[in-house]
Amino acid sequence: MTSDNSLKWEHGKNRQGVIKEILDVCIKTNLIEGYKEGLLKWGEPGYKKDQFYVQTLIEFKNHEFWALYSSTTLRDRMKMVYWDVFNVKRLDENISNCLFVYPKDCKEVKKFEKLKRDFDAGQIYCNLDYIVSTDELFTLIQEHALNGLSSGSIKGRRGNNFEKFVSAVLSSKNNLAKLNETNSLAIGNSFDMFEMVIKKIQGEESIELTQISKIVATTEVPRLPSGGKPKADVFATIYLKDNIYKEISISCKQTNDDWVSVHEYDWKEFSRVLNPNDKKLAMFLSLFQKKGGVQSFGKENCDLLENALSPYLEKLNLWVLGGLGGNGTLDVQCAKYILCYNDTNGKFSFHTIIEYIQLLKEKNVQGQFGTLFKWTYSSGNKGKTIQLKGRVLL
């Protein structure tokens, strides 16, 4: 029995460790003010003060509070949670929402998923506001924290936040222990994504999984000499045994749209990277930037620009998606891999940049001027820069 209790304690500790990783990212991305862990207790006035509890209390920037409960096993645990939630919300008006979080990869995940379906269908009577998996927790908090901002601000914040989230997932000790099966009680943090990324890298970089001792990922990739943002959004160092390490650069695309902005420079940089000696190309790039769009550019000019670009399509692809040929440092600022994610349906994909370009071609993605990209300008930058939009494939 003592051994069983100790295993349950370790399993619970690992579960809470994953939730802590997620909430730490929420702090780093400025979504929440902070959180408190442990059995935080409430009581009816005039009675014992420790009758009802909250496992984790989250504070948002507006000083709104959410109470979080979690478990790795269902059993009869939910009746206790329902009772605590009912009373905690009644006793503390500052707690606006209560949620139950279950690990996506626990043994009883099917039971939890059925409970969630019943709850979402309105078949469970209780005072909980949400039942979500650990994989859904970050997105739920983010949606609430960003509610009320302009659509442009939300898109920008979500993109930056996703990069930090990926960095945390790749750095997770829980994920590495689960992947290497060094801890049978390990609980993953978006483990499906972690496993896809690391197994892909393993094959590309000739790494043995059992040789990985630590992964440290960061979003602090140096700016380009021009001051612009590099193509690599996340830079990961995979430490192997015998003091060997591999460095990995990843471009991250988090969006619910089919097409997203992937590139923006003035025509001179396009000309410099593709071929600074091609005067015809430079002339039409300059004219397109001035006109700003396909319609105002005119059909004849569109045909001429398409013809001028045709010798440089592969060079354009590698520069736009990976940064190759630009001013970035190849191993750090240029991206070798691309991770795409849709947080509405949870789908994601991970490829090398070269594979992704080939996939775009196989899917017959039609851009403009014979390229894989749509050509336009960003808000307020007509006549100043050329913006390219790329298709997101999952």
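For the structure, check the block above.
As a starting point, this report considers the structure included with it. Remember, predicted model here, so these are calculated numbers, not experimental data.

### Side note on the overall build of the protein
Next up, step 1: A tally of regular secondary structure across the protein gives 13 helices and 13 strands.
Next up, step 2: Across its three principal directions, the C-alpha atoms of the protein cover 85 × 50 × 35 Å.
Next up, step 3: Partitioning the contacts of the protein with sequence separation of at least 6, the portion at a separation of at least 24 is 64%.
Next up, step 4: As displayed, the protein offers around 20,000 Å² of accessible surface, 49% of which is attributable to carbon and sulfur atoms.
Next up, step 5: The centroid of the 54 positive side-chain charges in the protein is displaced by 2 Å from the centroid of its 48 negative side-chain charges.

### Regarding the pattern of salt bridges
Next up, step 1: By the definition in use, this model includes 19 salt bridges.
Next up, step 2: Linking arginine 90 and glutamate 44 is a salt bridge whose minimum nitrogen-to-oxygen distance equals 2.8 Å. On the criterion of sequence distance, the pair formed by arginine 90 in helix H2 (residues 77-91) and glutamate 44 in the loop between strand E1 (32-42) and strand E2 (52-60) is long-range, its members being 46 residues apart.
Next up, step 3: Arginine 90 sits in the partly exposed class, given a relative accessible area of 42%.
Next up, step 4: Here glutamate 44 falls in the partly exposed class, since its relative accessible area comes to 26%.
Next up, step 5: Here aspartate 120 ties to lysine 116 by a salt bridge, and the two come within 3.3 Å at their closest N and O atoms. With aspartate 120 and lysine 116 both in helix H3 (residues 109-120) and 4 residues apart, this pair spans about one turn of that helix.
Next up, step 6: For aspartate 120, a relative accessible area of 52% corresponds to the exposed category.
Next up, step 7: By sharing partners, the salt bridges in this structure join Glu163, Lys229 and Asp233 into a single network.

### Let's talk about the pairing of strand E13 (residues 386-391)
Next up, step 1: Bridge count for strand E9 (residues 259-265) against E13 is 6 bridges, and the pairing is antiparallel. Note on E13: the bridge partner recorded for tryptophan 259 is arginine 391.
Next up, step 2: When strand E12 (residues 374-376) meets E13, the two strands line up antiparallel, connected through 3 bridges. Bridged to tryptophan 375 within E13 is leucine 388.

### Examining unusual backbone geometry
Next up, step 1: Phi is positive for aspartate 242, close to 65°, though the residue is something other than glycine.
Next up, step 2: Classification of aspartate 242 as exposed rests on a relative accessible area of 66%.
Next up, step 3: With a phi close to 60°, asparagine 243 is a non-glycine residue in the positive phi region.
Next up, step 4: Tracing the backbone through its elements, the reader meets asparagine 243 in the loop between strand E7 (234-240) and strand E8 (244-254).

### Description of the environment of alanine 236
Next up, step 1: With respect to the helices and strands, the residue alanine 236 is situated in strand E7.
Next up, step 2: Alanine 236 gets classed as buried once you look at its relative accessible area, which sits at 4%.
Next up, step 3: The spacing of alanine 236 and serine 167 is 69 residues in sequence and 7.7 Å in space, taken between C-alpha atoms.
Next up, step 4: When sequence neighbours within four positions are dropped, the list of residues in contact with alanine 236 reads Leu170, Val216, Ala217, Lys246, Glu247 and Ile248.

### Focus on empty space enclosed by the protein
Next up, step 1: By the definition in use, this model includes 2 cavities of 30 Å³ or more.
Next up, step 2: The wall of the largest cavity is formed by 14 residues, among which Leu224, Lys231, Tyr265, Gly323 and Gly328 lie closest to the centre.
Next up, step 3: Breaking the lining of the largest cavity down by element, the ones donating at least two residues are E9 and helix H12 (313-322).
Next up, step 4: Reported here for the second largest cavity is a volume of approximately 50 Å³.

### Structural notes on the packing of helix H8 (residues 267-274) against helix H9 (residues 279-291)
Next up, step 1: Where H8 contacts H9, the axes come no closer than 9 Å and their chain directions differ by 155°. Considering the angle they form, H8 stands roughly antiparallel to H9. As for the relative orientation of H8 and H9, their crossing is right-handed in sense. On H9, the residues that touch Trp267, Phe270, Ser271 and Leu274 of H8 are Leu281, Ala282, Leu285, Ser286 and Gln289.
Next up, step 2: For the contact of H8 with H9, a count of residues per class yields 6 nonpolar, 3 polar and no charged.

### What about the pairing of strand E4 (residues 95-102)?
It is a general feature of regular strands that their side chains alternate between the two faces of the sheet.
Next up, step 1: Across the 8 residues of E4, 7 count as buried, placing the element largely inside the fold.
Next up, step 2: Bridge count between strand E3 (residues 65-70) and E4: 6 bridges; the pairing is parallel. Among the inter-strand pairings, leucine 68 is bridged to a residue of E4, identified as leucine 99.
Next up, step 3: In terms of strand pairing, E4 meets strand E5 (residues 130-133) through 4 bridges, oriented parallel. Its bridge partner being in E5, leucine 99 is matched across the sheet by tyrosine 130.

About the criteria used
- Residues numbered from 1 in each chain as written.
- Predicted model: local features only at pLDDT ≥ 70, side-chain atom pairs only at ≥ 80, totals over all residues.
- Heavy atoms only, no water.
- Helix = DSSP H or I, 4+ residues; strand = E, 2+ residues; numbered from the N terminus.
- Contact = heavy atoms within 4.5 Å.
- Areas by Shrake-Rupley, 256 points an atom, 1.4 Å probe, with all protein chains shown as cover.
- Lys, Arg positive; Asp, Glu negative; His and termini not counted.
- Charge placed at Lys NZ, Arg CZ, Asp CG, Glu CD.
- Salt bridge = Lys/Arg side-chain N within 4 Å of Asp/Glu carboxyl O.
- Buried < 20%, exposed > 50% of the residue type's maximum accessible area, 1.4 Å probe, protein only.
- Pairing = 2+ DSSP bridges.
- 1 Å grid on protein atoms, 1.4 Å probe; cavity = no way out; pocket = protein on both sides within 12 Å on 5 of 7 lines; lining within 4 Å.
- Points joined across faces, edges and corners; volume = space filled by probe spheres on them.
- Axes fitted to C-alpha atoms, helices over the stretch in contact; angles between N-to-C directions.
- Parallel < 35°, antiparallel > 145°, perpendicular 65-115°, else oblique.
- Left-handed = near helix turned anticlockwise from the far one by under 90°.
- Nonpolar A, V, L, I, M, F, W, Y, C, P; charged D, E, K, R; others polar.

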